[in-house]
Amino acid sequence: MYPGATEVPDNLIDEDCNGKIAITFYADKDNDGFGNPNSPTVIEIDNYDSDAPDNYSWYAGDCDDNNDAINPLADEIVGNDIDDNCDGNTDVVERYIDADGDGYGSQQFAAAQGVTNNLDCDDSDAEIHPYTKELLKDGIDNNCDGIIDKIN
Ligand SMILES: [Ca+2]
Ligand SMILES: [Ca+2]
Ligand SMILES: [Ca+2]
Ligand SMILES: [Ca+2]
C-alpha cells in the first residue's frame, strides 16, 4: 500500500492510500435496484457501508435494465412474452414457499401462494438472500453466491 499503487477492486484494501476503496458496481439505468451484469464498472467509494453511486447498483442480475418492472424480484406475468423475473424462463409461473418473507423463495413448491423465484439459500433467515451485501466476518454466505465472507 502506497500512494500511486494500483487499486485492486473488491478487496476492501485502500492500496493507493487515497482514503477510498474500489468496488465493482453495475449500471442501474432503470433504478430498480438491480444492475446490468454486462456493465461492471469499478468506482471508488468511502467504505463498504456506503450506498452505491447514483444510477449504479451493488448487484447484478437485471436482465432488462430499461424496464424497472423486470428484475429478479418481479412476479412472472403469463402471456406477455417477457421473462419478467429474469430466471431464464419466459411466461412460466412456478410458485415457491417464502417462509422468511424476504421475497426470495425456497426450493419448495407452493400450491397457490408464494413467490415466483426460488433463489433463497436460507429460507429461515430474512437477512440471507441473493442481492444483499455479503457480511465479511460472520462465516455465513449471506448473499447466496456460494462464497463465504468475500465480495464477488
Ligand atoms: Ca436495473
Ligand atoms: Ca412473462
Ligand atoms: Ca425467503
Ligand atoms: Ca458472510
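Now for a quick tour of the structure. (Residues numbered from 1 in each chain as written. Chains lettered and ligands numbered in written order. Predicted model: local features only at pLDDT ≥ 70, side-chain atom pairs only at ≥ 80, totals over all residues. Heavy atoms only, no water.)

**Examining the coordination of the calcium ion (ligand 4)**
Right, so step 1: All of the protein donors around the calcium ion (ligand 4) are Glu-134 (OE), Leu-135 (O), Asp-138 (OD), Ile-140 (O), Asn-142 (OD1) and Asp-149 (OD); their distances to the metal are 2.2 to 2.5 Å.
Right, so step 2: Considering all 6 donor atoms around the calcium ion (ligand 4), angles at the metal cover 72 to 178° and the coordination shape is octahedral.
Right, so step 3: For the calcium ion (ligand 4), the donor residues sit on a single chain with the sequence spacing E-L-x2-D-x1-I-x1-N-x6-D. (Donors = N, O, S within 2.8 Å, 3.2 Å for Na, K, Ca; no water. Tetrahedral: all angles 85-135°; square planar, octahedral: opposite > 155°, others 65-115°.)

**Details of the coordination of the calcium ion (ligand 2)**
Right, so step 1: Those protein atoms acting as donors to the calcium ion (ligand 2) are Glu-76 (OE), Ile-77 (O), Asn-80 (OD1), Ile-82 (O), Asp-84 (OD) and Asp-91 (OD), and they sit at 2.3 to 2.4 Å.
Right, so step 2: Between the 6 donor atoms coordinating the calcium ion (ligand 2), the angles at the centre fall across 75 to 178°, so the site counts as octahedral.
Right, so step 3: For the calcium ion (ligand 2), the single-chain donor residues occur in sequence as E-I-x2-N-x1-I-x1-D-x6-D.
Right, so step 4: Exposure remark for Ile-77: the relative accessible area of 46% places this residue in the partly exposed category. (Buried < 20%, exposed > 50% of the residue type's maximum accessible area, 1.4 Å probe, protein only.)

**Comments concerning the pairing of strand S1 (residues 21–27)**
Right, so step 1: In terms of burial, S1 is largely enclosed, as 7 of its 7 residues are buried.
Right, so step 2: Two elements, S1 and strand S2 (residues 40–45), share 6 bridges in a ladder whose sense is antiparallel. From the neighbouring strand, Thr-24 faces S2, where its bridge partner is Val-42.
Right, so step 3: Note: S1 against strand S3 (residues 56–57), 2 bridges, orientation antiparallel. Residue pairing across strands places Ala-27 opposite Tyr-56, the latter belonging to S3. (Helix = DSSP H or I, 4+ residues; strand = E, 2+ residues; numbered from the N terminus. Pairing = 2+ DSSP bridges.)

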